[in-house]
Amino acid sequence: MTVMNSNPGAIVAAAQTVFPGAGYQLGPANFPDSISFDKASSRFATVMWGSYGNPQTIRVRVNITQVPGTNNYRISPKVFSVSDAGEAGFDDARP
C-alpha cells in the first residue's frame with residue numbers, strides 16, 4: 001500500500017489509533033523504518049507452537065519505506081507468531 005504525501009510520524013500515529021482498536025498493544029519499534037504491534041494469540045496457536053506457561057503472541061510489523069524523490073511512503077505489514085515475546089534474547093518470531 002502506498003500512502004501519498006505523508007511522513008513516518010503521521011503513519012505511525014494512524015497505526016497507533018487503528019491497531020489498539022483491534023486489541024493490539026505497541027511492540028518493538030525501529031522508528032522511522034518500522035513499528036510493530038503485539039496481541040495474545042489463540043489457545044490453539046499456543047498448543048501448536050507454544051508450551052505450558054509460554055503462550056504465543058501475534059506480532060504485526062509494519063515496514064515504512066519512502067518512495068525515492070517523493071513524499072509518498074510504502075507500508076508493508078508482515079505477521080509473525082512469537083514465542084517469549086518481549087524477553088531479551090529469547091523473543092523468537094516465525095512468519
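This text goes with the structure placed above it.
In short, a report on the structure.

Conventions we followed
Residues numbered from 1 in each chain as written. Predicted model: local features only at pLDDT ≥ 70, side-chain atom pairs only at ≥ 80, totals over all residues. Heavy atoms only, no water. Helix = DSSP H or I, 4+ residues; strand = E, 2+ residues; numbered from the N terminus. Expected span 1.5 Å × (residues − 1). Buried < 20%, exposed > 50% of the residue type's maximum accessible area, 1.4 Å probe, protein only. Arc of directions from axis to C-beta. Core = buried A, V, L, I, M, F, W, Y, C linked by side-chain atoms within 4.5 Å. Contact = heavy atoms within 4.5 Å. Pairing = 2+ DSSP bridges. Phe/Tyr/Trp six-rings, centres within 6.5 Å; stacked < 30°, edge-to-face > 60°.

A few points about helix α1 (residues 8-21)
Compared with the 20 Å implied by 1.5 Å per residue over 14 residues, the 20 Å span of α1 between its first and last C-alpha is a close match. Turning to α1, its buried residues are Pro-8, Ile-11, Val-12, Ala-15 and Phe-19. Buried positions in α1, seen along its axis, are confined to an arc of 95° and lie on one side of it. The exposed residues of α1 that point more than 90 degrees off its buried face are Thr-17 and Gly-21.

Description of the nonpolar core
With 12 residues, the main nonpolar core is built from Ile-11, Val-12, Ala-15, Phe-19, Tyr-24, Ile-35, Phe-37, Val-60, Val-62, Ile-64, Tyr-73 and Ile-75. Counting only elements with at least two residues in this core, the list comes to α1, β3 (34-40), β4 (57-66) and β5 (73-83). A per-element tally of this core places α1 first, with four residues. Val-12 has contacts with Phe-31, Ile-35 and Ile-64, leaving out every residue within four places of it along the chain.

Quick notes on the pairing of β4
Successive residues of a regular strand alternate their side chains across the two faces of the sheet. The pairing of β3 with β4 spans seven bridges and is antiparallel. Bridged to Ala-40 within β4 is Thr-57. With 10 bridges joining them, β4 and β5 adopt antiparallel strand pairing. Bridge assignment links Val-60 to a residue of β5, and that residue is Val-79. The turn linking β4 back onto β5 is made up of six residues, and Gly-69 within it adopts a positive phi angle of 80°.

Considerations on the packing of aromatic side chains
The tally for this structure, following the rule as stated, stands at two aromatic pairs. Plain terms: the ring middles of Phe-19 and Tyr-24 are 5.6 Å apart, the flat faces sit at 90° to each other, and that makes the pair edge-to-face. Take Tyr-24: its relative accessible area is 16%, and that puts it in the buried class. Ring geometry for Phe-19 and Phe-37: centres 4.4 Å apart, planes at 5°, overall stacked. Remark: Phe-37 occurs in strand β3 and Phe-19 occurs in helix α1; sequence separation between them is 18 residues.

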